[in-house]
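# Understanding the architecture of this molecule
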Amino acid sequence: MAVPARTCGASRPGPARTARPWPGCGPQPGPGARRPLSLLLPSLLLLPLLAAPGASAYSFPQQHTMQHWARRLEQEVDGVMRIFGGVQQLREIYKDNRNLFEVQENEPQKLVEKVAGDIESLLDRKVQALKRLADAAENFQKAHRWQDNIKEEDILYYDAKADAELDDPESEDVERGSKASTLTLDFIEDPNFKNKVNYSYTAVQIPTDIYKGSTVILNELNWTEALENVFIENRRQDPTLLWQVFGSATGVTRYYPAAPWRAPKKIDLYDVRRRPWYIQGASSPKDMVIIVDVSGSVSGLTLKLMKTSVCEMLDTLSDDDYVNVASFNEKAQPVSCFTHLVQANVRNKKVFKEAVQGMVAKGTTGYKAGFEYAFDQLQNSNITRANCNKMIMMFTDGGEDRVQDVFEKYNWPNRTVRVFTFSVGQHNYDVTPLQWMACANKGYYFEIPSIGAIRINTQEYLDVLGRPMVLAGKEAKQVQWTNVYEDALEGGLGLVVTGTLPVFNLTQDGPGEKKNQLILGVMGIDVALNDIKRLTPNYTLGANGYVFAIDLNGYVLLHPNLKPQTTNFREPVTLDFLDAELEDENKEEIRRSMIDGNKGHKQIRTLVKSLDERYIDEVIRNYTWVPIRSTNYSLGLVLPPYSTFYLQANLSDQILQVKCKWPDFEFLLPSSFESEGHVFIAPREYCKDLNASDNNTEFLKNFIELMEKVTPDSKQCNNFLLHNLILDTGITQQLVERVWRDQDLNTYSLLAVFAATDGGITRVFPNKAAEDWTENPEPFNASFYRRSLDNYGYVFKPPHQDTLLRPLELENDTVGVLVSTAVELSLGGRTLRPAVVGVKLDLEAWAEKFKVLASNRTHQDQPQKCGPSSHCEMDCEVNNEDLLCVLIDDGGFLVLSNQNHQWDQVGRFFSEVDANLMLALYNNSFYTRKESYDYQAACAPQPPGNLGAAPRGVFVPTIADFLNLAWWTSAAACGLGREGAPWPEEFKRAMEQDPAEAEGSSETRESSCVMKQTQYYFGSVNASYNAIIDCGNCSRLFHAQRLTNTNLLFVVAEKPLCSQCEAGRLLQKETHSDGPEQCELVQRPRYRRGPHICFDYNATEDTSDCGRGASFPPSLGVLVSLQLLLLLGLPPRPQPQVHAHASRRL
């Protein structure tokens, strides 16, 4: 609730401390000529105090008095920074050493084109490897002779999960000795993969719910073995290749090099056919409408099966697809707030999944209503959609109506919409109408009798969509690059993109018969984002310059803000460019141009968050962008104007003078720190053999040891980084020599002075101050450094509240406030900012100094305290019981206060200190608020919210809990293969552990979430300003004024008399959020473009194979036990496993 602030002319309501007219408002001229006085408190004040304006009869300070205090504060800060900061002296040092460096220029257009070309070359090498693999796979499979009588012992391969199973003494596979066909390999730790690998073999991963001994799987293993030599040859031609993978349509994954699969003791839910890269490579984009029968006959287990089936179906969609979900009985209606097709991104799918759980069965079945709704959705051309494969997926328990009239009206004769029908649950209905619907509309009919049938039957429709691709032949053999996602192997490559290429079945069913139209699978090659980042310039762009890249969806491939705190290997990492940065119209325009594949350049004024996400700065940035040819990516370069030029050290002559040793090297040695100040060096990759360490002392030690071994011109080192580091070592040492060493910091209440440079040096003086130095040793990752470059003047940075001790617990006066400013050089008409200098103020001493500077003291004697009967104005020193005086920074954080009890609150958001006053400052436009969302946050697991009325501590299972466990226990009933096959150990383990342990315990694992961030920054008011916080008898006067050349706001206010007028508190702390309202966002979708190719039709397609139901009926006994399990949550008894029937003969 906004609290009104009354301005000039407002009368003081109620019997306040002293009745008085309101002081003059607005900017006013200062007092007459100031009288110079003797120095007051020399140990605290650098500048002599100036006489206050003539006193008046007003107890609350007049505006010109407070302006006078503000000028004294400005002069004190400026004086200290001029003497100790050493800005001017450092400029002179750079000019004196002009022969040791050159000024180079960043030419944005040339830079971005070169990087785009390097990335294109990198990806093109992977494309060539992909094509060799795909061609070889098609030839191997074509030459392969199918074997009906093939046995497990006939096939020798490395089972990637075998090691984990062999480590388990209770494994039935170990007891049976059925691992005879599995190779035992030795592995070596490989730094490229961050994993143990074997370069001589491939590895095979088979999903847990697929029987390894089935004829289909054994034949697949047989012919894909020949790929091993092609993988090896690819690596010989390109040693930088990472994972090479063939994902088969049967579920088999063969990858190279061989490596063990994930961690033991976890249920492996990985199925390559559900991976984002496989789905993208196996079919063209989709427009899908899912309709769910919720008539009265659909209840209990059947409804639960449908809900789970829809969720699994949604997981087969990617960001290139569009979808909507509706339920129907007599009428059809969307299950969510989405009234039309929406992009199948992670957040939209989450809305659908939550909405589906609310479906309730009632009424009678009306297929006509459901199909008419679906066709209307697909015919809506006024919305963004995929405009490729169009399909309707209907889930029902059965019915007699064929709704032929609907198909005649909407879909015949062209049949542009495929219809897939799913008979769900156990029932005695005639399924012929459902089969007919699918067959008459180029679709497929599936049966889902139990939970175990869901995963396989909700993904096999991709085989049907792949038919036009296979029939298109070479035209469809185009490499696509995926979104960013997490490498599936734990501790592996981290974030990757994958190039994909479909692999087609080139066989014919018989002499003169039509060619086979099945897709064999998808070939993929990973490229680690770190490998792409290495092609981009790093340190020549400065601390605030960077390179980024986006895809056709506007998602970032590269960006310094792409830092997901936690990743789910099943979902791609989809961070939009407009969410990676603070969105504005200029960035929307840049994003659109990049998606369209254009070149461009634009200088914009925009907002940026500080590195610690506490501040907002308004800055100027130059954006330059070009497309990366032969890919769906576009590359951008962002440069601040001051990063147009940079320094490049040239120490060759100096190195020769000291007989090929490093000049100024002694100033990096710890033995010099006592006299020259402590040196932190940025942990950069100066040389290949330099051992990294998170401990800067250890890293410096490693660096020194290496420098004593290598020569200055060593090819294993980055000469640019190394020479610039040594240059800045010498330059900052000269600053110590010329400025810092001869000054008494204690006299002026300084804990430390410091300098940080683009070259990676941070020098802190004196040496003992380094013990309490908490800033990042990499200047480019230090918030004070980056903010100082973006802001003119002095930037104050109070300590973070979590690290601040209470005043009585301060040890050795170590708590301080950083004040920093950029050093701007002008060399031959070229301007740049290669360094930042600053001081660290002693918090306690400067709080006392602040009181004196904001007081009426005109000499060293203690003044009389102003009271109601005194003919003087109150001040911040002696009237601190009545008057609150504070300095607040541009983010709204408390920097200094005249209230001793608030010293332990320095660094806190001011609303936590004085909510009433902070709200008034915000309402009077001293501050502006910016809200945004962090989509990459990690949150601790939420406590179970489903306890209901159960006794405390008793877990009440939800439907999701039933289904999670029931999936494993009911796999036996889903018709997945042949009866009597052995029960896999993973299934037994599932009986004994919490379902959450399938991917790690939910009790300890963090999950991705959305956090709402709120930052405050200075608003439009720059002048001195008086106002009243109107609250009846609790009203308060206040004055606020910006301090020139700083990021500070000086505020003087009456202390609150009472708390009756507590207003709503402004919040700055990050809070958990569901993000912006998705239902509103989809009404104004962000611009995107889908892939430029689409294969959804081929005149020669054979649609006669359209589904005929399950091959093996499940056991009635098993189904009854499953019903009880789902409805009652009882622990199941293991049943004999049924395995996948060889429905597709390859």
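Residues numbered from 1 in each chain as written. Predicted model: local features only at pLDDT ≥ 70, side-chain atom pairs only at ≥ 80, totals over all residues. Heavy atoms only, no water.

- Looking up the chain in an unreviewed UniProt entry gives the name Calcium voltage-gated channel auxiliary subunit alpha2delta 2, with the organism given as Microcebus murinus.
- Within the UniProt record for the chain, the comment given under Sequence similarities (unreviewed entry) is "Belongs to the calcium channel subunit alpha-2/delta family."
- Turning to the chain, the UniProt record has this under Subcellular location (unreviewed entry): "Membrane". (UniProt positions renumbered as here; feature names shortened; annotations may be inferred.)

## Let's talk about the overall build of the chain
- Within the chain, the regular secondary structure consists of 30 helices and 38 strands.
- Residues counted as buried form 59% of the 1146 residues belonging to the chain.
- Taking as baseline every contact in the chain between residues at least 6 positions apart, the subset at least 24 positions apart corresponds to 74%.
- For the chain, the exposed surface amounts to about 46,800 Å²; the carbon and sulfur share of it is 48%. (Helix = DSSP H or I, 4+ residues; strand = E, 2+ residues; numbered from the N terminus. Buried < 20%, exposed > 50% of the residue type's maximum accessible area, 1.4 Å probe, protein only. Contact = heavy atoms within 4.5 Å. Areas by Shrake-Rupley, 256 points an atom, 1.4 Å probe, with all protein chains shown as cover.)

## Overview of the sheet that holds strand 25 (residues 678-681)
- Strand order in this open sheet of 6 strands is 25-27-26-30-29-28, and the pairing throughout is antiparallel. Both outer strands of the open sheet, strand 25 and strand 28 (795-797), are each paired with one neighbouring strand and no more. Going across the sheet, the axis of each strand differs from the next one's by a mean of 20 degrees, ignoring polarity.
- Here strand 25 pairs with strand 27 (residues 761-765) via 4 bridges, running antiparallel. Counterpart to V679 in the pairing with strand 27 is R763.
- Of the strands in this sheet, strand 26 (750-757), strand 28, strand 29 (816-827) and strand 30 (830-842) are in contact with helix 24 (residues 783-790), which crosses strand 30 at around 125 degrees.
- Running over the sheet, helix 25 (residues 843-853) touches strand 26, strand 29 and strand 30 and is turned about 90 degrees from strand 30. (Pairing = 2+ DSSP bridges. Axes fitted to C-alpha atoms, helices over the stretch in contact; angles between N-to-C directions.)

## Some points on empty space enclosed by the protein
- Enumeration over the complete set of coordinates arrives at 15 cavities of 30 Å³ or more.
- One number sums up the size of the largest cavity: a volume of about 230 Å³.
- As for the largest cavity, its lining consists of 25 residues, of which Y539, Y646, L647, D758 and P834 are closest to the centre.
- At the level of elements, strand 24 (645-649), helix 23 (719-740) and strand 30 are the ones that each hand at least two residues to the lining of the largest cavity.
- Looking at the lining of the largest cavity element by element, the count peaks at 6 residues for helix 23.
- Its residues placed into classes, the lining of the largest cavity shows 15 nonpolar, 6 polar and 4 charged. (1 Å grid on protein atoms, 1.4 Å probe; cavity = no way out; pocket = protein on both sides within 12 Å on 5 of 7 lines; lining within 4 Å. Points joined across faces, edges and corners; volume = space filled by probe spheres on them. Nonpolar A, V, L, I, M, F, W, Y, C, P; charged D, E, K, R; others polar.)

## What to know about unusual backbone geometry
- Omega for the bond connecting W412 with P413 falls within 30 degrees of zero, at 5 degrees, which places this linkage in the cis form.
- Counting through the fold element by element, P413 comes out in the loop between helix 12 (404-410) and strand 13 (417-424).
- Between F765 and the following residue, P766, the backbone shows a cis peptide bond with an omega angle of 0 degrees.
- A positive phi angle, close to 65 degrees, is found at S630, a residue other than glycine.
- Here S630 is to be found in the loop between strand 22 (616-627) and strand 23 (634-639).
- For S630, a relative accessible area of 67% puts it in the exposed group.

## Considerations on the side chain of E676
- Within the fold, E676 resides in helix 21 (residues 673-676).
- E676 gets classed as buried once you look at its relative accessible area, which sits at 8%.
- Among all residues touching E676, those that are not within four sequence positions of it are F667, Q733, V736, R741, R763 and F765.

## Structural notes on the packing of aromatic side chains
- Here the structure, examined in full by the defined rule, presents 44 aromatic pairs.
- Ring geometry for F375 and Y410: centres 5.1 Å apart, planes at 5 degrees, overall stacked. Of this pair, F375 sits in helix 11 (residues 367-379) while Y410 sits in helix 12, placing them 35 residues apart in sequence.
- On the basis of relative accessible area, Y410 is assigned to the buried category, the value being 15%.
- Measuring from ring centre to ring centre gives 6.4 Å for Y546 and F548, while their planes differ by 55 degrees; the resulting arrangement is tilted. There is no split in this pair, since Y546 and F548 are both buried.
- Three or more aromatic residues joined by ring pairs make a cluster, and in this case those are F193, Y199, F231, W243, Y255, Y256, W261 and Y270.
- A cation over an aromatic ring shows up here: K849 above the ring of W846, its NZ or CZ 3.9 Å from the ring centre. (Phe/Tyr/Trp six-rings, centres within 6.5 Å; stacked < 30°, edge-to-face > 60°. Lys NZ or Arg CZ within 6 Å of the ring centre and 35° of its normal.)

## Some remarks on the sheet that holds strand 19 (residues 546-550)
- The strand order 20-19-23-22-21 describes an open sheet built from 5 strands, whose pairing is antiparallel. At either end of the open sheet lies a strand with only one pairing partner, and these are strand 20 (556-558) and strand 21 (600-609). Ignoring strand direction, the axes of neighbouring strands in this sheet form an average angle of 35 degrees.
- Lying over the sheet, helix 19 (residues 585-595) contacts strand 19, strand 21, strand 22 and strand 23, oriented at roughly 135 degrees with respect to strand 21.

## What about the nonpolar core?
- Ranked by size, the top nonpolar core spans 117 residues in total, and within it Y686, L921 and F1050 carry the most contacts.
- It is helix 23 that provides the largest number of residues to this core, a total of 11 residues.
- Core analysis: the next-biggest nonpolar cluster, separate from the first, contains 52 residues, L185, W223, A282 and Y485 among them. (Core = buried A, V, L, I, M, F, W, Y, C linked by side-chain atoms within 4.5 Å.)

## A few points about the state of the cysteines
- What the rule picks out here adds up to 6 disulfides.
- Across the disulfide, C687 is cross-linked to C717 (sulfur-sulfur distance 2.0 Å). Here C687 and C717 share a disulfide; its torsion about the S-S bond, 100 degrees, makes the bridge right-handed. One end of the pair, C687, is in the loop between strand 25 and helix 22 (696-707); the other, C717, is in the loop between helix 22 and helix 23, and 30 residues separate them in sequence.
- You can call C687 buried: its relative accessible area is 1%.
- Note on C717: relative accessible area 11%, which makes it buried.
- For C876, the disulfide goes to C885, at an S-S distance of 1.9 Å. (Disulfide = S-S within 2.5 Å.)

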